[in-house]
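The chain contents come next:
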Amino acid sequence: MGFLKKLFHNKKKTAIVLGGGGVRGVAHLGVLKFLEENNYDFDFIVGTSSGSVFGALYLLNKNLDEAYMKLSESFQNLGKYKNLKDVISKKSSFLINIKKKLYMAKSMFQLSLIEEKPMEEFFLELFDKDIQFNDLRKELYAVATDLISGKDIVFNKGNLINALMASSSIPAVFPPKKYKNYYLIDGGTTQKLPSKVAYALGANKVIGIDVGSPFINKNKYSNSADLIIRSEEIVSHILHDQNRQACSLLLNPVFNQVNWCEFEKYQECFDAGYLEAEKHAKDIKKILKSKININKKKNINPQNQTFILE
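Residues numbered from 1 in each chain as written. Predicted model: local features only at pLDDT ≥ 70, side-chain atom pairs only at ≥ 80, totals over all residues. Heavy atoms only, no water.

### What to know about the pattern of salt bridges
Argument step 1. In total, this model carries seven salt bridges according to the counting rule given.
Argument step 2. Between D41 and K138 there is a salt bridge, with the nearest N and O atoms lying 2.7 Å from each other. Here D41, found in the loop between α2 (26-37) and β2 (44-48), pairs with K138, found in the loop between α8 (116-126) and β3 (139-146); they are 97 residues apart in sequence, far enough to count as distant.
Argument step 3. Here D210 and R244 are joined by a salt bridge, their closest N and O atoms 2.5 Å apart. One end of the pair, D210, is in the loop between β7 (203-209) and α11 (224-246); the other, R244, is in helix α11, and 34 residues separate them in sequence.
Argument step 4. Each member of the salt-bridge network shares a partner with another, and the members are K33, E37 and D65. (Salt bridge = Lys/Arg side-chain N within 4 Å of Asp/Glu carboxyl O. Helix = DSSP H or I, 4+ residues; strand = E, 2+ residues; numbered from the N terminus.)

Next up, the structure:
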């Protein structure tokens, strides 16, 4: 973690942190559109899962409109990937059904429902095969989770598609991504909204955009599988809430029952992000214009973070 000491002596930095949430992540582009229209600047983006994907798409293109056009074209072509289309049709109960009954037999004999190739082909709709992190307009940090060490692996260099696939490899849906000595899955496993990673990378102000599903109270359980799933949800919720509270400003776009895999609703998600930014226009202005470290009262200790920067 020696690189952190150097970062702390740099000028104050502002990070935009983009959480995971499937198509709901298009809301990130809506927020970025608002920032762009109002000439607000920031230093870097930290993203998990779809947050890293849409952050990369924005930073690769010259402006938001160009990025959104590319996204729209790719989503309209999504139907040609049969396996991905099948996943989309399962709607909100898909992940729970994987763990419980609909896909139980299949999941016992292989690591994922979908092979890596269809996922890679979809990413090639959005990005050129050889695109690198240093081709982006600003720094991007993409968060994945290593199954072997349990640590967060944060990508900032090298091939962009490989990093984005690792950051987006939803467990049981897509296969883990092999990289060096790591076995990587979706960064949302531990960092649905990686604000603490942003602080560890030198940010003193963080605007977090949370597009995940809310944690809902539940008092009915039918079997042991329900209990296992719920216990995992609780752990994830605690980690996620810590990251939410660490943000200088937290934006929560409001979705009208949009499930993570309903990609046909991308325009609705974009609008939700833009409206949330408009709603918090004064707060955003204060954050991005202020020279004061508004987090000085927060108990943030980035040096305690256990991640590996790649």
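### A short note on the environment of V211
Argument step 1. As for its position among the elements, V211 is in the loop between β7 and α11.
Argument step 2. For V211, a relative accessible area of 0% corresponds to the buried category.
Argument step 3. Separated by 18 residues in sequence, V211 and L193 place their C-alpha atoms 8.8 Å apart.
Argument step 4. Each residue touching V211, except ones within four places of it in the same chain, is listed here: G19, G20, G21, R24, G25, A27, H28, P253 and F255. (Buried < 20%, exposed > 50% of the residue type's maximum accessible area, 1.4 Å probe, protein only. Contact = heavy atoms within 4.5 Å.)

### Things to note about the pairing of β7
Argument step 1. Counting buried positions over the seven residues of β7 gives seven, a clear majority of the element.
Argument step 2. Here strand β1 (residues 13-18) pairs with β7 via six bridges, running parallel. Directly across from A15, in β7, lies its bridge partner V206.
Argument step 3. Here β7 runs beside strand β8 (residues 249-251); their pairing, made up of three bridges, is parallel. Pairing of I207 across the sheet is with L249, part of β8. (Pairing = 2+ DSSP bridges.)

### Looking at the packing of α2 against helix α4 (residues 64-76)
Argument step 1. One can describe the packing of α2 onto α4 by two numbers: an axis separation of 10 Å at closest approach and a directional angle of 160°. With respect to α4, the axis of α2 lies roughly antiparallel. Considering how the two elements wind past one another, α2 and α4 form a crossing that is left-handed. Only L64, D65, Y68, L71 and F75 of α4 make contact with α2, whose side of the interface consists of V26, L29, L32, K33 and E36.
Argument step 2. The class makeup of the residues in the contact of α2 with α4 is seven nonpolar, no polar and three charged. (Axes fitted to C-alpha atoms, helices over the stretch in contact; angles between N-to-C directions. Parallel < 35°, antiparallel > 145°, perpendicular 65-115°, else oblique. Left-handed = near helix turned anticlockwise from the far one by under 90°. Nonpolar A, V, L, I, M, F, W, Y, C, P; charged D, E, K, R; others polar.)

### Looking at the packing of aromatic side chains
Here the distance between the centres and the angle between the planes together describe a pair of aromatic rings.
Argument step 1. The full count for this structure, using the stated rule, is seven aromatic pairs.
Argument step 2. Taking the centre distance of 5.1 Å and the plane angle of 65° together, the rings of F155 and Y179 count as edge-to-face. Note that F155 is positioned in strand β4 (residues 152-155) and Y179 in strand β5 (residues 177-179), a separation of 24 residues in sequence.
Argument step 3. For F155, a relative accessible area of 4% puts it in the buried group.
Argument step 4. Grouped by ring-pair contacts, the aromatic residues Y68, Y266 and F270 constitute a single cluster.
Argument step 5. The positively charged end of R137 is found above the aromatic ring belonging to Y58, 4.7 Å away from the centroid.
Argument step 6. Sitting over the face of the ring of F42, K138 holds its NZ or CZ atom 5.2 Å from the ring centroid. (Phe/Tyr/Trp six-rings, centres within 6.5 Å; stacked < 30°, edge-to-face > 60°. Lys NZ or Arg CZ within 6 Å of the ring centre and 35° of its normal.)

### Some remarks on the nonpolar core
Soluble globular proteins: nonpolar side chains tend toward being buried together.
Argument step 1. By size, the foremost hydrophobic cluster in this structure holds 67 residues, and its most contacted members are V26, L29, L35 and F127.
Argument step 2. In terms of residues, this core owes the most to one element, α2, which gives seven residues.
Argument step 3. Discounting chain neighbours no more than four positions away, the residues touching F127 are V53, A56, L57, L60, L160, I161 and L164.
Argument step 4. Of all hydrophobic cores here, the second largest spans 18 residues; its members include Y141, V143, V197 and A246. (Core = buried A, V, L, I, M, F, W, Y, C linked by side-chain atoms within 4.5 Å.)

### Comments concerning helix α3 (residues 50-60)
Argument step 1. Counting buried positions along α3 gives 10 out of 11 residues, so the element sits mostly inside the fold.
Argument step 2. All of the buried residues in α3 are S50, G51, S52, V53, F54, G55, A56, L57, Y58 and L59.

### Topic: unusual backbone geometry
Argument step 1. A positive phi is found at K180, a non-glycine position, where the angle reads about 50°.
Argument step 2. By the secondary structure assignment, K180 is in the loop between β5 and β6 (182-186).
Argument step 3. Even without being a glycine, Q257 presents a positive backbone phi close to 55°.
Argument step 4. Note that Q257 resides in the loop between β8 and α12 (266-279).
Argument step 5. Residue classification places Q257 among the exposed residues on the basis of a relative accessible area of 69%.

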